[in-house]
Amino acid sequence: MESHVSHRNRLWLYVLVGLVVFYLVAPALIVVPVSFSSTTSLSFPPAGWSTRWYEAFFGQEKWIGSLWVSLRVAFGTMILATVTGIAASYALHMSGFRLRSAIRATLVSPLAVPAILIAVGIFFVFARLGGLLNTLHGLILGHTVVAMPFVVLTMSAGFESYDMSQEMVARSLGATRFKAFMTVTLPQLKFSVATAMLLAFLVSFDELIISLMVSSGPVSTLSRVTFATLRDDVDPTLAAVSTLMLVMTSVPPLILHIVTTRSKREDA
Amino acid sequence: MQPAAILPPVTEADLAANQRALDREARAEDRLMFRLTVPALAIVAILMVVPIGWLLSMSFIGGDGQLGFENYALFFSEPAYVQMFVNTFAIAFAVTALCLILGYPVAYVLAILPPRWSGLLMLAVLVPFWTSGLVRTFSWLIILQRNGLVNKALVATGLVERPIPLVHNMTGTIIGMVHIMVPFLILPLYASMKTIDGNLMRAAASVGSTPTHAFLRVFLPLSMPGLVAGTIMVFVMCLGFYITPALLGGGRVKMIAQRIEESISLYPTWGPAAALAVLLLVVTALCLAASMVLVRRLSTDR
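Residues numbered from 1 in each chain as written. Chains lettered and ligands numbered in written order. Predicted model: local features only at pLDDT ≥ 70, side-chain atom pairs only at ≥ 80, totals over all residues. Heavy atoms only, no water.

Draft legend 1. Seen up close, the overall build of chain B. Each helix and strand counted, chain B has 13 helices and zero strands in total. Counting helices and strands in the order they occur from the N terminus, chain B gives α-α-α-α-α-α-α-α-α-α-α-α-α. Its C-alpha atoms give chain B a radius of gyration of 28 Å, clearly above 19 Å, the size a compact globule of 302 residues would have. Taking the principal axes of its C-alpha atoms as reference, chain B extends roughly 115 × 75 × 35 Å. Burial status across chain B gives 45% buried among its 302 residues. Considering only residue pairs separated by 6 or more positions, chain B has 70% of its internal contacts joining residues 24 or more positions apart. Accessible surface for chain B amounts to roughly 15200 Å². Of this, 69% is attributable to carbon and sulfur atoms. Computed over 19 positive and 14 negative side-chain charges, the separation of the two mean positions in chain B equals 14 Å. (Helix = DSSP H or I, 4+ residues; strand = E, 2+ residues; numbered from the N terminus. Rg over C-alpha atoms; globule rule 2.2 N^0.38 Å. Buried < 20%, exposed > 50% of the residue type's maximum accessible area, 1.4 Å probe, protein only. Contact = heavy atoms within 4.5 Å. Areas by Shrake-Rupley, 256 points an atom, 1.4 Å probe, with all protein chains shown as cover. Lys, Arg positive; Asp, Glu negative; His and termini not counted. Charge placed at Lys NZ, Arg CZ, Asp CG, Glu CD.)

Below, the structure written as structure tokens:
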């Protein structure tokens with residue numbers, strides 16, 4: 001939308017927005033310099049520079065072990081949520097059976113239900129079933145619940161913009177339905193699939209409340225250990241952890257964002 | 001001359017048989033498609049829908065195992081609960097109001113800037129949005145601490161004599177929560193502003209409207225659906241917040257989510273926690289329903 005008011009006349013607006021952007025962006029980045037501090041204080045700017053807090057991170061079983069747990073859980077969640085979520089989105093897109101809107105609403109509903117309620121519910125189910133509390137499988141199942149809406153919403157939008165008759169053509173030429181889907185439909189939806197997988201991975205990697213309720217000890221995720229450390233003893237190792245988390249959770253979406261906008265521009 | 005081949009006349013019975021075959025195929029297709037949704041549905045239903053239903057029933061069972069409203073009566077009888085409710089709603093209102101003040105101008109500028117600049121600004125909104133809430137909460141702990149940046153600046157400029165407590169209290173909680181929630185307001189608001197036709201503002205100007213007047217009478221009403229949807233979403237998400245109040249509140253600012261977690265370990269039965277959970281769920285559902293009704297009404301008014 002273009003505007004009829006000159007840019008000079010709304011300079012005050014741009015200044016205001018600049019301040020808000022500063023408030024949004026700067027605090028997230030302050031952990032980076034603090035993580036290279038040479039002292040134990042969390043002051044900014046740091047008194048001197050060193051990499052000792054990264055050495056502390058990589059030298060402690062508590063951090064390395066939990067990073068490994070987080071990565072494995074996030075990977076498992078990514079696979080489980082994308083496979084089941086794509087299957088469901090495909091079915092919801094292709095046919096108009098009864099219950100269709102009810103199923104769709106159910107799959108998206110974890111987005112609207114407060115995380116603490118989902119966490120308490122999962123804790124209850126695991127406590128009843130037995131064998132899932134304090135396990136990687138339990139964490140993966142729990143995280144899949146909160147990752148599901150992201151996969152379903154992303155894939156539904158992808159299917160919406162895709163011409164399904166191409167799959168029909170492939171099937172009419174003799175491909176089985178599964179083969180037609182895997183070789184014709186899915187490759188053309190690669191950006192939606194990549195986005196869905198990335199979101200599922202990140203949702204799991206970031207998730208805290210479910211992890212707090214259903215896991216502890218050796219199956220603690222990185223976010224859970226970070227939370228506990230933040231509450232008890234704060235030191236710059238946390239800044240190193242935060243910087244690593246910052247890189248892990250913002251660089252992949254950034255790359256995807258740039259790649260998709262670029263390819264959209266080429267298509268246009 | 002004879003026709004090359006004469007097809008037998010199509011009877012009613014043939015048509016009916018054909019229809020039946022088609023119906024059968026459609027039903028088979030529906031069944032197959034339904035089966036494809038089962039794995040996803042099972043995960044969400046077993047781990048979320050069923051336990052929430054169970055929480056609902058548990059909330060009506062008292063400590064003695066009898067049916068009743070004992071757990072809900074706790075809301076009024078225990079002073080800690082009352083304080084917690086006041087905290088939860090006060091924080092949610094304050095955060096929502098601040099998000100509105102900070103978010104509306106950003107969404108507006110996003111909508112009017114040329115694509116190249118708006119893309120950059122969008123990135124500035126998205127990067128914190130992607131950053132882990134835990135990382136950002138820790139950042140605020142560094143910035144707002146006793147000898148942190150903000151306090152140093154305040155003392156240096158002479159605004160305050162000695163450092164003021166900005167963290168481990170309500171102030172810190174609100175600052176940290178606003179930071180997390182602003183993008184949730186900007187994104188839907190921007191989506192709705194982008195659909196507004198810029199010619200409407202020019203038309204208003206051409207018939208003598210001042211920019212302020214045109215904004216208030218034309219742009220603001222047209223941006224209402226996104227504004228209402230975003231505002232209510234922010235409010236609802238604030239009600240269930242856990243991480244930020246737990247860390248930046250320093251144990252002094254209790255909101256409903258923390259109380260639910262504590263209740264599970266505090267009481268021998270699930271009842272009190274379940275009652276709080278049901279309350280949170282009902283308030284959330286009511287807000288979201290109100291949002292849907294309002295947005296629909298505002299959109300059809302045009």
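Still more to cover.
Draft legend 2. Local environment of the UniProt feature "domain: ABC transmembrane type-1" (unreviewed entry) in chain A. Per the UniProt record, "domain: ABC transmembrane type-1" (unreviewed entry) is annotated on residues 67-256 of chain A. With 79% helix and 0% strand, residues 67-256 of chain A has its two end C-alpha atoms placed 23 Å apart. (UniProt positions renumbered as here; feature names shortened; annotations may be inferred.)

Draft legend 3. View of the confidence of the model for chain A. Of all residues in chain A, 96% attain a pLDDT of 70 or more, and the chain-wide mean is 88. Here helix α13 (residues 237-267) of chain A stands out as the least confident element of chain A, with mean pLDDT 83; helix α7 (residues 136-160) of chain A is the most confident, with 95. (pLDDT = per-residue confidence, 0-100.)

Draft legend 4. Main features of the UniProt feature "transmembrane region" (unreviewed entry) in chain B. All names here are of chain B. Under the UniProt annotation, "transmembrane region" (unreviewed entry) lies at residues 36-61, 81-113, 120-143, 174-193, 214-243 and 273-295. Regarding residues 214-243, the helix share stands at 87% and the strand share at 0%, and the terminal C-alpha atoms are separated by 42 Å. Across residues 273-295, the secondary structure splits into 100% helix and 0% strand, with the terminal C-alpha atoms separated by 33 Å.

Draft legend 5. Summary view of helix α2 (residues 70-77) of chain B. All names here are of chain B. Listed as buried for α2 are Asn71, Tyr72, Leu74 and Phe75. One side of α2 holds all its buried residues, which, seen down the axis, span an arc of 140°. Away from the buried face of α2 by more than 90 degrees, exposed residues Phe76 and Ser77 are located. Contact partners of the buried residues in α2: α1 (12-58), α3 (79-112) and α13 (271-300). (Arc of directions from axis to C-beta.)

Draft legend 6. Structural detail: helix α10 (residues 190-206) of chain A. Here α10(A) spans 24 Å end to end across 17 residues, near enough to the 24 Å set by a 1.5 Å rise per residue. Along α10(A), the residues classified as buried are A:Ser192, A:Val193, A:Ala196, A:Leu198, A:Ala200, A:Phe201, A:Leu202, A:Val203, A:Ser204 and A:Phe205. (Expected span 1.5 Å × (residues − 1).)

Draft legend 7. Spotlight on the domain arrangement of chain B. Residues and elements named next belong to chain B. The assigned domain composition of chain B is domain 1 (11-58) and domain 2 (78-300). Each of domain 1 and domain 2 has a C-alpha centre, and these two points are 39 Å apart. Contacts between the two partners involve five residues from domain 1, matched on the other side by six residues from domain 2. At the boundary of domain 1 with domain 2, the tally comes to zero salt bridges. Along the contact surface separating domain 1 from domain 2 lie zero residue pairs in polar contact (both at pLDDT 80 or more). Tallied by class, the residues present in the side of domain 1 that touches domain 2 amount to five nonpolar, no polar and no charged. (Domains from an automatic or database assignment. Salt bridge = Lys/Arg side-chain N within 4 Å of Asp/Glu carboxyl O. Polar contact = N/O pair within 3.5 Å; in protein donor to acceptor, adjacent residues only side chain to side chain. Nonpolar A, V, L, I, M, F, W, Y, C, P; charged D, E, K, R; others polar.)

Draft legend 8. Representation of the pattern of salt bridges within the structure. Going through the model one piece at a time under the given rule, you end up with three salt bridges over all chains. Here A:Arg177 and B:Glu29 are joined by a salt bridge, their closest N and O atoms 2.9 Å apart. With A:Arg177 in helix α9 (residues 177-188) and B:Glu29 in helix α1, this pair bridges two chains. For B:Glu29, a relative accessible area of 25% corresponds to the partly exposed category. Residue B:Arg259 pairs with B:Glu78 through a salt bridge whose shortest N-O separation is 3.5 Å. In this pair, B:Arg259 is assigned in helix α12 (residues 256-266) and B:Glu78 in the loop between α2 and α3, connecting sequence segments 181 residues apart.

Draft legend 9. Structural view of unusual backbone geometry. Residue and element names in this part refer to chain A. Phi angles above zero are rare outside glycine, and asparagine 134 is one such case at about 60°. Mapping asparagine 134 onto the fold places it in the loop between α6 (115-129) and α7. Its relative accessible area of 38% is what places asparagine 134 among the partly exposed residues.

Draft legend 10. Local environment of the interface of chain A and chain B. Listed as interface residues are 78 residues of chain A and, on the opposing side, 78 residues of chain B. Taking both sides of the interface into account, the surface hidden between chain A and chain B amounts to around 7100 Å²; carbon and sulfur atoms contribute 82%. Across the contact surface, chain A and chain B share one salt bridge. At the junction of chain A with chain B, the criterion picks out six residue pairs in polar contact (both at pLDDT 80 or more). Residues of the side of chain A that touches chain B, tallied by class, amount to 57 nonpolar, 15 polar and six charged. (Buried area = accessible area lost by both parts, 1.4 Å probe.)

Draft legend 11. Here's a closer look at the environment of A:Met245. Residues and elements named next belong to chain A. In this structure, methionine 245 sits in helix α13. Looking at methionine 245, the relative accessible area reads 1%, which means it is buried. Distance from methionine 245 to methionine 94, taken between C-alpha atoms, is 38 Å for residues 151 residues apart in sequence.

Draft legend 12. Fine view of the environment of B:Ala290. Residues and elements named next belong to chain B. In this structure, alanine 290 sits in helix α13. With relative accessibility at 35%, the residue alanine 290 sits in the partly exposed group. It is 8.6 Å that separates the C-alpha atoms of alanine 290 and isoleucine 232, two residues lying 58 residues apart in sequence.

Draft legend 13. Spatial organisation of the packing of helix α1 (residues 11-29) of chain A against helix α4 (residues 115-130) of chain B. Interaxial distance between α1(A) and α4(B) falls to 9 Å at its minimum, and their mutual angle equals 30°. Of the possible angle classes, the one that applies to α1(A) and α4(B) is roughly parallel. Crossing angle aside, the handedness with which α1(A) passes α4(B) is left-handed. Residues A:Val17, A:Val21, A:Leu24 and A:Val25 of α1(A) form the contact with α4(B), whose participating residues are B:Leu121, B:Ala124 and B:Pro128. Within the contact of α1(A) with α4(B), the residues separate by chemical class into seven nonpolar, no polar and no charged. (Axes fitted to C-alpha atoms, helices over the stretch in contact; angles between N-to-C directions. Parallel < 35°, antiparallel > 145°, perpendicular 65-115°, else oblique. Left-handed = near helix turned anticlockwise from the far one by under 90°.)

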